[in-house]
Amino acid sequence: LEPNMERLEALSEKYPVYKHLLASGQYPIHGCHRGGRGNFAPENTMYAFKRCVEEFNTQLIELDFRVTKDGEVVITHDDDVDSTTNGEGSVSSFTLAELQKLDAAYYYPHLRGKGITIPTFHEFLAEFLPVPNLVFMLDFKDEHSVRKTIALVEQYGIWDRIILGSVVPSCNALLTELKPKSTPLTTDASTAAKLALGNITGLIGWVDFPQEIFGFLLFGGNLGNAVEKLWRKSLVDAIRERESLVMICGADTTEKQRECIEWGVDFILTNNPDVLRETLRK
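What you are looking at is a predicted structure, and each value in this text was computed from that prediction instead of being measured.

Asks: Is there a simple way to think about the nonpolar core in this case?
Replies: Soluble globular proteins tend to pack their nonpolar side chains together in the buried interior. Residues Leu63, Phe121, Phe124, Phe136, Leu138 and Leu164 are the most contacted members of the largest nonpolar core, which totals 28 residues. With 24 residues, the next largest nonpolar core counts Ile204, Trp231, Val236 and Ala251 among its residues.

Set out below in structure tokens:
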């Protein structure tokens, strides 16, 4: 792992956020996707984020953004509240006050009714910005949330604590316009697919790759089997030859996490932070 850390250190001169990741001395990077999901905790909640930091010493928290009816930036993945709370309807149809009356742990009986809500970005930063060297991966699904969130990033002056990305090409294009060159961006879904297919066909060298980090989702819904066939060590090797870093999202089993480590993946984002911590410990 030492050569990987040396490579990250060299890149940190260009991208200061990497210095925070190096400070922990841990590699590959332990990342929490939405703060953990499934059996771990209700996703994108302060409860989940605190568990990641306090219990499993994560280096990176990935979080998603939406905007309320009254223009507040909140942390939640879907455009509606149906799958994560006891409410129904789109996030944008609620004011912040209305939204925070919903129970974000409704589907977790042992946590239901304990005041776990959809947090704002302000709340998140107040709690976690003071944590030394903790890095935030900001993910977007629509351009409105990009503009509103980036305005807050500018306000707080945290460009050196974040990594940006979106699977949506138009969001990534907007992020490229708004961010400084010193803040790294991950690939959108289209670019990632072209690179993965290019690796199989031998044409990867012809694929334009302007982003600093190659991001790959190991879960693909109905495309799960197809995605799995695209995920190969040769793909990781090809990306690394282009002096870029590799970020994998959805490595949730010990077997898949070990594979990522053996193949030289730089960032492992998981829905099971407890499992990943144990894998890295071993």
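Asks: Honestly, the pattern of salt bridges in this entry has me stumped. Any pointers?
Replies: Any two side chains of opposite charge can pair, on the condition that their charged atoms come close. One pass over the structure, following the stated rule, counts 13 salt bridges. Between Asp266 and Arg7 there is a salt bridge, with the nearest N and O atoms lying 3.1 Å from each other. Of this pair, Asp266 sits in the loop between helix H11 (254-263) and strand E8 (267-270) while Arg7 sits in helix H1 (residues 2-11), and the two are 259 residues apart along the sequence. Take Asp266: its relative accessible area is 0%, and that puts it in the buried class. Beyond isolated ion pairs, a larger network of salt bridges with shared partners links Arg7, Arg240 and Asp266.

Asks: I tried to follow the environment of Arg112 on my own but got confused; where do I start?
Replies: Examined against the element boundaries, Arg112 turns out to sit in the loop between helix H4 (96-99) and helix H5 (121-128). The class of Arg112 is partly exposed, set by a relative accessible area of 41%. Expressed as a C-alpha distance, the spacing of Arg112 and Asn44, which sit 68 residues apart in the sequence, is 15 Å. Apart from the residues within four sequence positions on either side, Arg112 is in contact with Asp103, Ala105 and Tyr106.

Asks: Is there a simple way to think about the packing of helix H6 (residues 143-156) against helix H7 (residues 169-178) in this case?
Replies: Each pair of packed helices can be summarised by the angle the axes make with each other and by the distance between the axes. Two elements in contact, H6 and H7, have axes separated by 9 Å at closest approach and are oriented at 25°. In terms of axis orientation, H6 runs roughly parallel to H7. In this structure, the crossing between H6 and H7 has a hand that is right-handed. Here H6 contributes Glu143, Val146, Arg147 and Ile150 to the contact with H7, which in turn contributes Ser170, Cys171, Leu174, Leu175 and Leu178. Here the residues of the contact of H6 with H7 sort into six nonpolar, one polar and two charged.

Asks: Would you mind showing me how to read a negative patch on the surface here?
Replies: A surface patch of like charges, here negative, comprises Glu2, Glu6, Glu9 and Glu13. For Glu13, the position within the fold is in the loop between H1 and helix H2 (17-23).

Asks: So what exactly am I meant to see when it comes to H11 here?
Replies: The α-helix advances 3.6 residues per turn, and as a result positions three or four apart in sequence lie on the same side. All of the buried residues along H11 are Lys256, Gln257, Cys260 and Trp263. Down the axis of H11, the buried side of the element spans an arc of 130°, and every buried residue falls inside it. Along H11, exposed side chains directed more than 90 degrees from the buried face belong to Glu255 and Glu262. Positive backbone phi, at 90°, marks Gly264, one or two positions downstream of H11.

Parameters and conventions
- Residues numbered from 1 in each chain as written.
- Predicted model: local features only at pLDDT ≥ 70, side-chain atom pairs only at ≥ 80, totals over all residues.
- Heavy atoms only, no water.
- Core = buried A, V, L, I, M, F, W, Y, C linked by side-chain atoms within 4.5 Å.
- Buried < 20%, exposed > 50% of the residue type's maximum accessible area, 1.4 Å probe, protein only.
- Salt bridge = Lys/Arg side-chain N within 4 Å of Asp/Glu carboxyl O.
- Helix = DSSP H or I, 4+ residues; strand = E, 2+ residues; numbered from the N terminus.
- Contact = heavy atoms within 4.5 Å.
- Axes fitted to C-alpha atoms, helices over the stretch in contact; angles between N-to-C directions.
- Parallel < 35°, antiparallel > 145°, perpendicular 65-115°, else oblique.
- Left-handed = near helix turned anticlockwise from the far one by under 90°.
- Nonpolar A, V, L, I, M, F, W, Y, C, P; charged D, E, K, R; others polar.
- Patch = residues over 30% accessible without salt bridge, like charges linked within 9 Å, V, L, I, M, F, W, Y side chains within 5 Å.
- Areas by Shrake-Rupley, 256 points an atom, 1.4 Å probe, with all protein chains shown as cover.
- Lys, Arg positive; Asp, Glu negative; His and termini not counted.
- Charge placed at Lys NZ, Arg CZ, Asp CG, Glu CD.
- Arc of directions from axis to C-beta.

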